[in-house]
Amino acid sequence: MKNRMKSGWKYGLKYGLKSGLKRQMRGGMEIGVKEAAGVLLSALLLTATGIWACLQTGLYFGGSIYLPAAVWLLGAGGLMLWRFSWRVKAAYLRGGWGAAWREDVGLRVNNEERESKKGGRGREKGWEKGWERHRSARPGFPLLAAGPAVLAGLYVLRLADHPLSMQATAEAALRWGWLAVMAAALAWTAARPGGRLLLRAGWSLIGTLLAYTALAAVYGLVPLPHAVLRTADSGTAAFGARLGGLLQYPNTFGAVMAAFLVLQLLRLAGLPPAAPLRWRLVCSAQALPCGLCLLLSESRGAWLAAAAAWTAAVLTARGAARGRLIACTGWIMAGAVLLFRRLAQAELAPPPLQGLAELAAAGLAVLLGPPLWRRAGAAVRSAPALQALAARLAGPLAPRNALDSSGPGPFSKPFHSRDSREFSSSRHSREYRDSLEPSSPSKPRPLLGLSLRRLNKLRPLPASLRAVLLAAILVAAAGFIPLGSSHHEAALRTNVSTASARLLMYRDSLSLFREAPWFGQGGDVWRNAYRSVQSSPYVGSVMHSSLLEQLMNLGFSGTAVWLAWLTAMGIRLARGRSPWLCSYLVLVLHAFIDFDSSFGLYGLLLVWAGAQGRGRKQSSVQTGGSFPARLTTASLITSKLTTSRLILWRLFNWRLIPARLRQRRLIPAELINKGLINKGLMNKGLINERLKLKLPKHLQIRRLSALRPLINLLAAALLLPAGLSSLRMLQADQLYRQAVSRSLAAPQALPELRRALQLNPLQPSVRMALAARLPQQEAVLLLRSGLRFSPRSPELYSRLAESAASGGDLRAAAWWAEALRLDRFNTVKQTEALRSLAALAELKLSQGKEAEAKLAAVTGLSIYARYEALSRALEDPSALRGRNDRRFYLTQEAGEEAEALNRWFKD
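These notes cover the structure that comes with them.

**Examining the packing of aromatic side chains**
Okay, so step 1: Counted under the stated rule, the structure contains 16 aromatic pairs.
Okay, so step 2: A centroid spacing of 4.6 Å and a plane angle of 35° characterise the contact between Y249 and F595, whose relative ring orientation is tilted. Linking Y249 in the loop between strand 2 (241-243) and helix 10 (250-270) with F595 in the loop between helix 23 (580-591) and helix 24 (600-612), this pair joins segments that are 346 residues apart in sequence.
Okay, so step 3: Overall, Y249 belongs to the buried group, its relative accessible area being 16%.
Okay, so step 4: Judged by relative accessible area, F595 falls into the buried class, the value being 5%.

**Side note on the environment of W52**
Okay, so step 1: With respect to the secondary-structure elements, W52 resides in helix 2 (residues 33-55).
Okay, so step 2: For W52 and P68, which are 16 residues apart along the polypeptide, the C-alpha to C-alpha distance reads 9.0 Å.
Okay, so step 3: Dropping the residues within four chain positions of it, W52 is found in contact with L59, S64, L67 and P68.

**Some remarks on empty space enclosed by the protein**
Okay, so step 1: Tallied over the full model, the rule gives eight cavities of 30 Å³ or more.
Okay, so step 2: Taken as a whole, the largest cavity encloses approximately 190 Å³ of empty space.
Okay, so step 3: In terms of lining residues, the largest cavity is bounded by 18 residues, among which W176, L179, S597, G603 and L606 are the most central.
Okay, so step 4: Residue assignment for the lining of the largest cavity shows that the elements contributing at least two residues are helix 8 (166-190), helix 22 (546-575), helix 23 and helix 24.
Okay, so step 5: Classifying every residue of the lining of the largest cavity by side-chain character gives 12 nonpolar, four polar and two charged.

**Points about the pattern of salt bridges**
Okay, so step 1: According to the stated counting rule, one finds 18 salt bridges in the structure shown.
Okay, so step 2: One salt bridge in this structure joins R342 and E358, with 2.8 Å as the shortest N-O distance. Here the residue R342 occupies a position in helix 13 (residues 320-345), and E358 occupies one in helix 14 (residues 352-382), the gap between them amounting to 16 residues.
Okay, so step 3: Residue class for R342 comes out partly exposed when judged on its relative accessible area of 23%.
Okay, so step 4: E358 gets classed as partly exposed once you look at its relative accessible area, which sits at 24%.
Okay, so step 5: For R527, the salt bridge goes to D524, with nearest N and O atoms at 3.6 Å.
Okay, so step 6: Each of R531, E795, D823 and R886 takes part in a single network of salt bridges with overlapping partners.

**Quick look at helix 23**
Note that an α-helix has 3.6 residues per turn; residues three or four places apart therefore point the same way.
Okay, so step 1: End to end, helix 23 covers 17 Å across 12 residues, agreeing with the expected 16 Å (1.5 Å per residue, within 8%).
Okay, so step 2: When you tally the buried positions in helix 23, you get 10 out of 12 residues, the bulk of the element.
Okay, so step 3: Every buried residue of helix 23 is accounted for by W580, L581, C582, S583, Y584, V586, L587, V588, H590 and A591.
Okay, so step 4: On its buried side, helix 23 packs onto helix 9 (195-218), helix 10, helix 12 (300-316), helix 22 and helix 24.

**Regarding the packing of helix 9 against helix 11 (residues 277-296)**
Okay, so step 1: Packing of helix 9 against helix 11 brings their axes to within 9 Å, and their N-to-C directions diverge by 55°. Classified by the angle their axes make, helix 9 and helix 11 are oblique. In the packing of helix 9 onto helix 11, the handedness of the crossing is left-handed. Along the contact surface, helix 9 presents S204, G207, T208, A211, Y212, A214 and L215, while helix 11 presents A285, Q286, P289, C290, L292, C293 and L296.

**Digging into the side chain of T57**
Okay, so step 1: Inspection of the secondary structure assignment puts T57 in the loop between helix 2 and helix 3 (66-93).
Okay, so step 2: In this view, T57 contacts L246, L247, Q248 and F599; residues no more than four positions away in its chain are not counted.

Definitions and limits used
Residues numbered from 1 in each chain as written. Predicted model: local features only at pLDDT ≥ 70, side-chain atom pairs only at ≥ 80, totals over all residues. Heavy atoms only, no water. Phe/Tyr/Trp six-rings, centres within 6.5 Å; stacked < 30°, edge-to-face > 60°. Helix = DSSP H or I, 4+ residues; strand = E, 2+ residues; numbered from the N terminus. Buried < 20%, exposed > 50% of the residue type's maximum accessible area, 1.4 Å probe, protein only. Contact = heavy atoms within 4.5 Å. 1 Å grid on protein atoms, 1.4 Å probe; cavity = no way out; pocket = protein on both sides within 12 Å on 5 of 7 lines; lining within 4 Å. Points joined across faces, edges and corners; volume = space filled by probe spheres on them. Nonpolar A, V, L, I, M, F, W, Y, C, P; charged D, E, K, R; others polar. Salt bridge = Lys/Arg side-chain N within 4 Å of Asp/Glu carboxyl O. Expected span 1.5 Å × (residues − 1). Axes fitted to C-alpha atoms, helices over the stretch in contact; angles between N-to-C directions. Parallel < 35°, antiparallel > 145°, perpendicular 65-115°, else oblique. Left-handed = near helix turned anticlockwise from the far one by under 90°.

This is how it looks when you write it as structure tokens:
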């Protein structure tokens, strides 16, 4: 009995799971167990990668990209290698390449067996299903991955042309290559049945993690020391604190929260009136924390981007969805504004119990407010006396058919809907309204002297305008509720100090861009070279504009690819009228004014939205149309192809057509009759006449299908070395961190640093840490060899000058001059250079080398002269342009060293 129950349980689990997976349909096509398992595994891996990226500061730092890049690149390379071996084996078993790919893409060569078992019609239906599944999976697949793949290739090519930093360029290539693989995985998962639902759940899980952990850090539930940025500068934070969450950067965190918020508002507004209450609670439970985090970030750029995307959503909404969207936004943001003012008053450090009670009260009001409003509307509709009282209290704002609407409130059907107009013009509507007006002389006088009959003659307000007024009233009411006597209650960041600093950075970045306008100078150009071109001593190691960063890194060529990729994805989302377009707009717009592209998580969310929001074409299985039983190379010329694309097709597929067809330029007539050939091309002389025959069977091979094994092999040859390189960089970074954590005298540090340098010779920090533990001559040779990989690194030049000066090497003077040219607003380095050159001159004098001592003294005096002139020029406030963030000034020690050098020079 037990064995029978066990076998029955296994049977039910197996076939129940199989039948449940088969119910995941798309276009009439069933999904198998293996494919469903692949989709589920891919979605889980993508979601896990997104969560891990959140926990690793959004993959901002260079070392954080090594592990995910190694895992995904090696996995993708292994998959491509396996597909190549499988295709080679299939070709060997089936007698050659032509026989293995005689059928079209994605179909196995067993038509003879199908025809013998199912008959001709079964073979045709199986072909249609297979082709439809492949065709529906392909749109958008190359688009998502092509942009990052091309950018990664440009960075790889830039490695061979001496970039400013080979380490940063290699990291940029790994970052974009990893994003290309992620985009391909997202597109593949979204194109399969059930994949969009799993990816949407993963997106919501990532947003929930970011929002709830940030609020938990504010209320003291989770120890996140860098989640809140605290500063006394009112230009940076109006209330003394800004929320950065797990990303630790408020501006990018605000943009990410805005993307999640807009999508949740669209989902909430798109719910039907009869939707279960739990659906509204789920959407509101994420929308309210995201809205609160957006306000607490105090990112004006994120606010503007969210407002622009929300406005686009309102303008493109149809019917009652527009009013519901506005009303939902007002309701959610009212609760967010109320909590924001309370937390801002406490400088993001509220009392734990009181703060959690306020959060729970506001959350319950937002979550349960709309359902209670709907129930109140139903109660009003069920009681005629309450309806009359509501009509009298409404005054002139009540619409004509207010009594006939499906219910008051923003979550009900709009008053100008079709059902309401039909009901208001019917005889039952007139009788119903007459029944609400008693004819007794004791009828009470209506509000403002307007009777109900005269009130019904007023022109009703549009539903969108009523929703706007309601949303504005809700937000204003939440904003004017008194919360205390603090002067920070209504304060906002109205100064333009950060904007002026960014304008200075934008102007200085143009000089770096002009050095290599077409192909750029590699990865992280601004971070490695901004100190050599900055016009004032501001602090800005990152460029607050992804557009300018791309221009400096890859020039016009890479920027054109980047913009074309973003534009193509946006156009595709707009054509499909996808709600993901608004989240995509928020991410793209904010990237133009900040360094969001430096976060790996940001790029992942960007391609996530692009993969989820692709427009799904209606298949022939759904429309009842038919496709030809055999798809030939000529069917590539669809009715939408132009003459130029036809010429390209003929260039690449000309040899697949027999000679007698090439000479006469004829196409099979069945393709023309079925609408697969543009008949207008015949008038242009490209097709002379119809030929009523079918191409031979051996010509039914698409060239891309025949080249797929080579494409798989090429992809594996590119992905596997990239993954191994990322793995080597990961090991080198781990060894470097272990060695740095040890003391200088630790014997284990030296071999660890040598091994780290052997694994990754491009990293300058490893080279400098190792040079500090080596003898002077060996350290100089090691640092000099590092200049090949980082030719404009001021840290490398200054460390090299220090090592050379300690050994009495006169080349230290030239290296100090170059280091200060690359970083002139560095007070510490200016003073250290004078001290080092003074010691070098004294050493040369003690050795009796007066000429060399004089040369060192002359170099030191010239450095001090430039230092003094630069300090005097910056004494004028107009010269500083309001920025001296690096605290640059002329030190007293530098003056003393200059006096000593001057005395030796005179002597």
